[in-house]
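Residue-level structural notes
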Amino acid sequence: MSLDDVMEDGEGGGGGGGGPMEVSSETTELANLQEAIRLCVECSGTASQPEGAATAVEAAAERLSFLLRQYCERPRLLEPHLPKLLSPLVATVTAQPFACPPTRAALLYMYHVLRVRGYKHAIVHLPHEVSDLSPILKFLESEDPQDRDNWHSRFILLLWLSIIVIMPFHMSRLDGFTSGDKDCEGVVRKTTMKRIYDICKTYSLVTDACSEAGAFLTSKFLTRSDVIEIYLGEFFKWSCCQNADLRQEDNINYGVLASVATVLKHGKREDLLPYADDLFKWIIKQNYNKSKAILVRKYGIKIIQRIGLVLLKPRLATWRYIRKKSSLALNLQAGSNANDRVDEDEFELEMNDEDLDIPELIEDIIEQLLLGLRDGDNIVRWSAAKGLGRVAARLSSSATGDIISGLMDLFSPHEGDGAWHGGCLALAELGRRGLLLPQYLPDAVAVVLLALQFEEIRGHTPTGQHVRDAACFVCWAFARAYSDDLVPYINDLLIGLMVTALFDREINCRMAGKAAFEEIVGRCCDPYGQNVLIISSEDFYLGPRNSAFLRAAPFVAKTKTYVKPLIDHLVEKKVHHWDINIRELSSKSLHLLTKMDAKYMAETVLPTLTEQTLSNDLNTRHGSILAIGEIIYALHLTSNIELSTKLLEVIKNIVPILNSRYQFRGLGGELMRQACCVCIENLSLAKVKYHEDNIIDDWLTLIEECLSHEAIVIRNKAVSALTAVFNEYLNYDAVKIVMYQNIDNKDTKDALYLKRKQLVTKYCGQLKNVGATGLQIRMGYTLAIGALPSFTLEEFLPLAISSLIECAQISEPTLKWAESRRDGLKGLTNLCQTVGVKKMEHIQISKDLYKICNWDKTENCIYDIFECFIKCLSEYTIEMRGDIGAWVRETSIAGILSLCKQCARENDSIFTPDLVRRIMIGIAQQSVEKIDRTRAHAGKTFTALLYCTPTIPHIPHHKELLSIFPHLYDNNENVSSDDDLKQNSKKVVLDVPEEVLQYKPTVLWLFAEHTMPLFIKLLEWDVYRYNIILGLTVSAGDMTESLVKHSTSALFSYMSSLHDNYPRMQIICNTIVKVFEDNHNVDRVVIPMLKFLDRLLSSGCINPVLEDQDCSFANDVSNHVKIEIKNCRNIYKLLDAISVLCQIIQVGGEVCRKALAKLTICICHMDKYVRKATATKLYDALLIYGDSTTIPPENFDEAMSQLAETNWEMEVSVLKPIRNSLCTLMGIPIPIPIKKAANN
């Protein structure tokens, strides 16, 4: 698409209201725009200054471009203001010398203005007097066409020259000599006409955007009456020579082709007619339509269609269809009665053609245009359709009928998507121009309805989106072109468009279908009298696909006319669609549409779908099985229709037949498993009478296979299906009602109990699987146990709980199976929600389960569950995927919150002070750790526990915490004012201070700068301090810059505020040491701890502790660092430890000596990188803390010189004497090798 096409599109989009540029702000924006132009001119005036020139010009251009972009959707707003905007820029160009920086800058700014408005509209505001020709022409001649940096200047100058050359004077008058005269040197002088002609040829050969401006100039220049006879024929011959072989893509001059096309567009017919034959032969000889270059085919089609327009006399076809002028508002009021519509003037079709002399070449031209409709590129097809419409408008009705007949051949099933798309565009053009007479409408409407559903699969790539979009455009064009003659087809068109608007996969097709539907209803008629209500309803929202299928479709189906067409389309087209998401949405949409016509669904749709379950096509089987389950469940919910025994028998055999045909295997088997699990779930929810049937065993076998499948989506659907099967077919109460009319049957009851016992025992046993597929088996069966219905879990509660708890613990074979532990906790959480707290308080295990679960005690198992959750908060399993233990911790946090809320509602006596303390400190620690997702989840949970309703007792420092953390409101709460906030807070804690009830801003839990300052305040209390420091250590020593920045700044600010409270600062420092001591050789904590200590010691926030000679903090840190680096082979850990030791030397005294002694050992480490890094770090530390160290002052300079001047990458044997000398200068003992020391 050309630049001008883009500009025209932008202009066309501004015809309506709305958009970013509202009319009310137009004056202000234009004032800003004019001010920006003024600043640009000023910057241009200073651009000749070398320093800062480019920056000023670019900044001004960027500001101007930003302001102009606000008008892209409504560029016409600029039209009345273009003279004011362009005049200062034009003045700069005309007042400055050629090619100076101010002129370049002004032309650049002019380019930005013209780009937005469109150069065809904007150039008329440029000066175009005769006096302007000479300077602009000289400027262009002085330019280098190959200069890539200043093409904007040449682009504007070419456009400027194109408006100047249309002056009404003969150009020979501008020359002071006659053609052929020579100058004093004997060189033939060029006339003005020749100079412009040379520029046209020059810029037809360039490869940048200037070729487009050059083509525009050529069309204006060569169509002058005084130029035609001299240069037009020569130019065409030159153009043919320049593109003598279009098959050589490297030698194609696209600008020349564009110039020929534009000259044919703007020239007079009588002037161009002598060259039409030659140009047609030239372009056909080149086989342009077989070129790989899109532009060649595009310009070829343009040239051919314009040759056809040259050959045919301009005429207004008297036989064309003329639409009645009518009132839209009155049409809507008139409804379906077409006779009530108001016609302002009648029309009469004149069907008698005048005798037309049609050149023989026209037939070849039409054939080329029809071939162009089959082109593989949209822009070529669109140009061919436009050309076909223009040529047909100058032909007789019979000739146009032949064109339409050839056009219909494009809609053959054997044609590709390109031909269908081109055919639709051509139909729209013919209809829009009134060239498609009513007698052709039946065939046209028929192919358009087919095009609305067009879709082809090429390998794994579907095609047809552009065809459906073009078909909607045809309907839109028909609605605007026809009046009463379209009425017989409106019903079919409205149904086809409604189906497209609701169920098309692509949003642009849905929007196009909706627009065409609205156009037909508004301009023609509303045959049902309810379409206006449909398009005006907020339920007719087609943006997201889910909204169209599940919200808009049921709403539209309330109009009975659309019910069966919508259902039929889903069954025939969408149920076996290639996209799995469309198949799933189609089945759900059929579920919602069932209540609109339940009888049709049961008698027609279901038999059709059951037949499709035997199809060899995978997509058809998958979609049909999904749809069967959804429809049967909907029939159960919305009607009393009984399905036939034969149909139920066929549906029952779906799973056995698929299994016998081995269609549960392979990649296709995954889809079949999903579909069957969903279908089984829906059949169970629909209470289909398969009770005590052997099919239940087949279903359970399939579900068990799916529970151990590697695909998570299959496991999840199997879990849902298992719950439904247990509820309906293994539940004695449900079986008794259906099979025994609510009469007890002890044998059935015992059989179902044994079946449930067998299954639960089997499922719990699978949680101990440690085989090759043990991970998938555990993941599926943990969720399955947690999803079992309450009547089953209550019977086998000890077994289920003990199995899930055991699965959630780390063992040697399952060390890397974090996903199974995560799902085990999910199952445990679901189990608690299903059974409830009260039923788990006292459990007496039965004798028959003793050997299975090894649990013969009667106790409150809630504490075991809490213990499991709390223990899982400390899982930090790390592998190649990273910290996979985070999945377990996050699930544990969610489980704790769920169980705490349950206990608070049902029995808050379960909460003991120690239990609540461990919960709160564990979640507080997770709230300050390094993973953003985990930290946010923990922070929200911590706050939710504080504000839980009813209140959780024994939370340490509850009231103080309420003043720190803002309230988290549930999504279903409607809190709209400060009074509501206060009222809600009073429901939580009755004795909350008034200041706590004030509104607090929302916390962005994912961002450390929001959460860290809140949790740092917990260091004030002993109960939280250890865990907060443990979590902060990991965060502050992390590699993420933003996390380190915000965590350390929050901590250091808090520590700095404690300079007046030395005891608390000392307690915090001792806690840091305690964390270090408790995590020896735990690299997950130790490595971040070393980085954290380096930052802490260098921050200065704990100087009072370091300066206290009686405080052992620095000595303890030094000792723990020494332990960590002993026999350490991790270089990065060793370097972090060296950094800490370098910081410790600022303490002085014996601690400094120990640190220096350890550093001098590291300075002769076996690794040369460690040696060099140690010397560098020690040198930097001595520069900062030299006055505080124990190094004798008289030796300090010499020691520093040795550190700086020695090449520490030399061999260790060479460095040891230097190191020993350095030890002597520092006043510390010379290190002795361990073996030598042992011998002594």
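Keep in mind that what you see is a predicted model, and the values were worked out from it rather than measured.

A few points about the packing of helix α34 (residues 712–729) against helix α36 (residues 746–766)
- Packing of α34 against α36 leaves a shortest axis separation of 12 Å and a crossing angle of 160 degrees. Comparing their axes, α36 and α34 come out roughly antiparallel. Both α34 and α36 take part in a crossing whose hand is left-handed. In this structure, α34 contributes L722, F726 and Y729 to the contact, and α36 contributes L752, R756, L759 and Y763.
- Looking at side-chain class alone, the contact of α34 with α36 contains six nonpolar, no polar and one charged residues.

Focus: the nonpolar core
- Ranked by size, the top nonpolar core spans 399 residues in total, and within it F942, Y1024 and F1113 carry the most contacts.
- Counting residues per element, this core draws most heavily on helix α22 (residues 487–503), which supplies 11 residues.
- Look past the residues within four positions of F942 in its chain and what remains in contact with it is M920, I923, A924, S927, L961, F965, F1015, L1018 and Y1024.

Examining helix α35 (residues 732–739)
- Looking at α35, one finds that the buried residues are Y732, A734, V735 and K736.
- Residues of α35 that are buried make contact with α34 and α36.
- Of the residues that open α35, the one with a side-chain oxygen 3.2 Å from the backbone nitrogen of D733 is N731.
- Two residues or fewer past α35, Q741 is found with a positive phi of approximately 50 degrees.

Digging into the packing of aromatic side chains
- Within the structure shown, the criterion is met by 27 aromatic pairs.
- With a centroid separation of 4.9 Å and an interplanar angle of 45 degrees, the aromatic rings of Y321 and Y482 are classed as tilted. Placement of Y321 in the loop between α14 (294–311) and α15 (328–334) and of Y482 in the loop between α21 (465–481) and α22 is noted, with a sequence separation of 161 residues between them.
- With a relative accessible area of 5%, Y321 lands in the buried category.

Some remarks on the environment of L775
- Position of L775 relative to the elements: it lies in helix α37 (residues 774–786).
- Residue classification places L775 among the buried residues on the basis of a relative accessible area of 16%.
- For the pair L775 and K816, spaced 41 residues apart in the sequence, the C-alpha separation amounts to 9.4 Å.
- Excluding its chain neighbours within four sequence positions, the residues that come into contact with L775 are W817, E819 and S820.

Side note on the environment of L427
- On the secondary structure map, L427 appears in helix α19 (residues 417–432).
- L427 sits 21 residues away from V448 along the chain, and the two C-alpha atoms are 9.0 Å apart.
- Those residues in contact with L427, other than ones at most four positions away along the chain, are L407, M408, F411, L436, A444, V447, V448, V474 and F478.

A few points about the pattern of salt bridges
- Taken as a whole, this structure holds 43 salt bridges when the rule is applied.
- Between E429 and R432 there is a salt bridge whose closest N-O contact spans 3.0 Å. With a gap of three residues between them, E429 and R432 both fall in helix α19, about one helical turn apart.
- In this structure, E506 engages R505 in a salt bridge whose closest nitrogen and oxygen atoms are separated by 2.6 Å.
- When its relative accessible area of 18% is taken as the criterion, E506 is described as buried.
- Taken together, the shared-partner salt bridges connect K386, E429, R432 and R433 into one network.

Topic: a negative patch on the surface
- There is a patch of like negative charges on the surface, built from E360, E363, D364 and E367.
- Mapped onto the fold, E360 is located in the loop between α15 and α16 (361–372).

Looking at the confidence of the model for the chain
- On average, the chain scores 85 in pLDDT, and the residues at 70 or more come to 86%.
- Low pLDDT (under 50) marks residues 47–52, which in the prediction has five contacts with non-local residues, meaning those over four places away or in another chain.
- Below pLDDT 50 for its whole length, residues 970–1000 participates in 36 contacts with residues either more than four positions away or in separate chains.

A few points about the packing of helix α55 (residues 1131–1144) against helix α57 (residues 1168–1185)
- At their nearest, the axes of α55 and α57 sit 9 Å apart, and the two run at 20 degrees to each other. Compared by their axis directions, α55 and α57 come out roughly parallel. Handedness of the crossing formed by α55 with α57: right-handed. Contacts between α55 and α57 involve I1131, L1134, L1135, I1138, S1139, C1142 and Q1143 from the first element and Y1169, V1170, A1173, T1174, K1177, L1178, A1181 and Y1185 from the second.

Concerning the environment of S239
- Looking at where S239 falls in the secondary structure, it is placed in helix α11 (residues 225–242).
- The class of S239 is buried, set by a relative accessible area of 1%.
- Each C-alpha atom of the pair S239 and V256 lies 6.1 Å from the other, and the pair is 17 residues apart in sequence.
- What S239 contacts, discounting residues up to four positions off in sequence, is V256, V260 and W282.

Scoring rules and cut-offs
Residues numbered from 1 in each chain as written. Predicted model: local features only at pLDDT ≥ 70, side-chain atom pairs only at ≥ 80, totals over all residues. Heavy atoms only, no water. Axes fitted to C-alpha atoms, helices over the stretch in contact; angles between N-to-C directions. Helix = DSSP H or I, 4+ residues; strand = E, 2+ residues; numbered from the N terminus. Parallel < 35°, antiparallel > 145°, perpendicular 65-115°, else oblique. Left-handed = near helix turned anticlockwise from the far one by under 90°. Contact = heavy atoms within 4.5 Å. Nonpolar A, V, L, I, M, F, W, Y, C, P; charged D, E, K, R; others polar. Core = buried A, V, L, I, M, F, W, Y, C linked by side-chain atoms within 4.5 Å. Buried < 20%, exposed > 50% of the residue type's maximum accessible area, 1.4 Å probe, protein only. Polar contact = N/O pair within 3.5 Å; in protein donor to acceptor, adjacent residues only side chain to side chain. Phe/Tyr/Trp six-rings, centres within 6.5 Å; stacked < 30°, edge-to-face > 60°. Salt bridge = Lys/Arg side-chain N within 4 Å of Asp/Glu carboxyl O. Patch = residues over 30% accessible without salt bridge, like charges linked within 9 Å, V, L, I, M, F, W, Y side chains within 5 Å. Areas by Shrake-Rupley, 256 points an atom, 1.4 Å probe, with all protein chains shown as cover. Lys, Arg positive; Asp, Glu negative; His and termini not counted. Charge placed at Lys NZ, Arg CZ, Asp CG, Glu CD. pLDDT = per-residue confidence, 0-100.

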